[in-house]
Amino acid sequence: MQELILPTLNEYLFVSGLLFAIGLAGVIVRRNIIVIFMCLEMMLAAASLTLVAFSRFHLVGGLPDYDGQMLVFFIITVAAAEVAVGLAIIVSLYRARQTIHTDDLTSLKG
C-alpha cells in the first residue's frame, strides 16, 4: 500500500511566493496592459493561497482556523470589483487611443 504524502506549509508558501514573484515580474517587465492586469490577479491569487495555507495549518482545538479562508472571500470580492472597473478602464483607453501598450499611454490628455 502506498503512503500518502501531504504537502507541508513550506511547500504551499514556496508555491505562493513563486506565483507572487512571477506576477510581480510580469507587472514590471510587460508592456501590454491586459497582461499586467492578469499578473495583478496572479498576485492576488498568491496572497489568497498564503492565507488558505496558514488557515489550514493553524489548528484551534484540533480543527483548522477558518479566519484566513474567510479573508479569501473578501479578496475574491475585491478582485471581482477590480476586474469590472479595470476592464472598463482598459476598454475606454483602447477606444480613445487604439492601443493597449503602456509605452504609448504616456499622458492622460487625448
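Attention here is on the structure that accompanies the text. Because the structure is a prediction, the values reported are computed rather than measured.

## Section: the overall build of the protein chain
When helices and strands are counted, the protein chain shows three helices and two strands. The secondary structure elements of the protein chain, listed N-terminal to C-terminal, are α-α-β-β-α. For 110 residues, the compact-globule estimate of 2.2 N^0.38 gives 13 Å, and the protein chain exceeds it by more than 25% at 19 Å. Taking the principal axes of its C-alpha atoms as reference, the protein chain extends roughly 65 × 25 × 25 Å. Looking at the protein chain as a whole, 20% of its 110 residues are labelled buried. Taking as baseline every contact in the protein chain between residues at least 6 positions apart, the subset at least 24 positions apart corresponds to 54%.

## Comments concerning the packing of helix α2 (residues 33-57) against helix α3 (residues 67-97)
Running from N to C, α2 and α3 point in directions that differ by 175°, and their axes come no closer than 9 Å. Relative to α3, the element α2 is oriented roughly antiparallel. Counted by class, the contact of α2 with α3 contains 15 nonpolar, five polar and three charged residues.

So, how was this worked out
Residues numbered from 1 in each chain as written. Predicted model: local features only at pLDDT ≥ 70, side-chain atom pairs only at ≥ 80, totals over all residues. Heavy atoms only, no water. Helix = DSSP H or I, 4+ residues; strand = E, 2+ residues; numbered from the N terminus. Rg over C-alpha atoms; globule rule 2.2 N^0.38 Å. Buried < 20%, exposed > 50% of the residue type's maximum accessible area, 1.4 Å probe, protein only. Contact = heavy atoms within 4.5 Å. Axes fitted to C-alpha atoms, helices over the stretch in contact; angles between N-to-C directions. Parallel < 35°, antiparallel > 145°, perpendicular 65-115°, else oblique. Nonpolar A, V, L, I, M, F, W, Y, C, P; charged D, E, K, R; others polar.

Distances and angles like these do not, on their own, reveal function.
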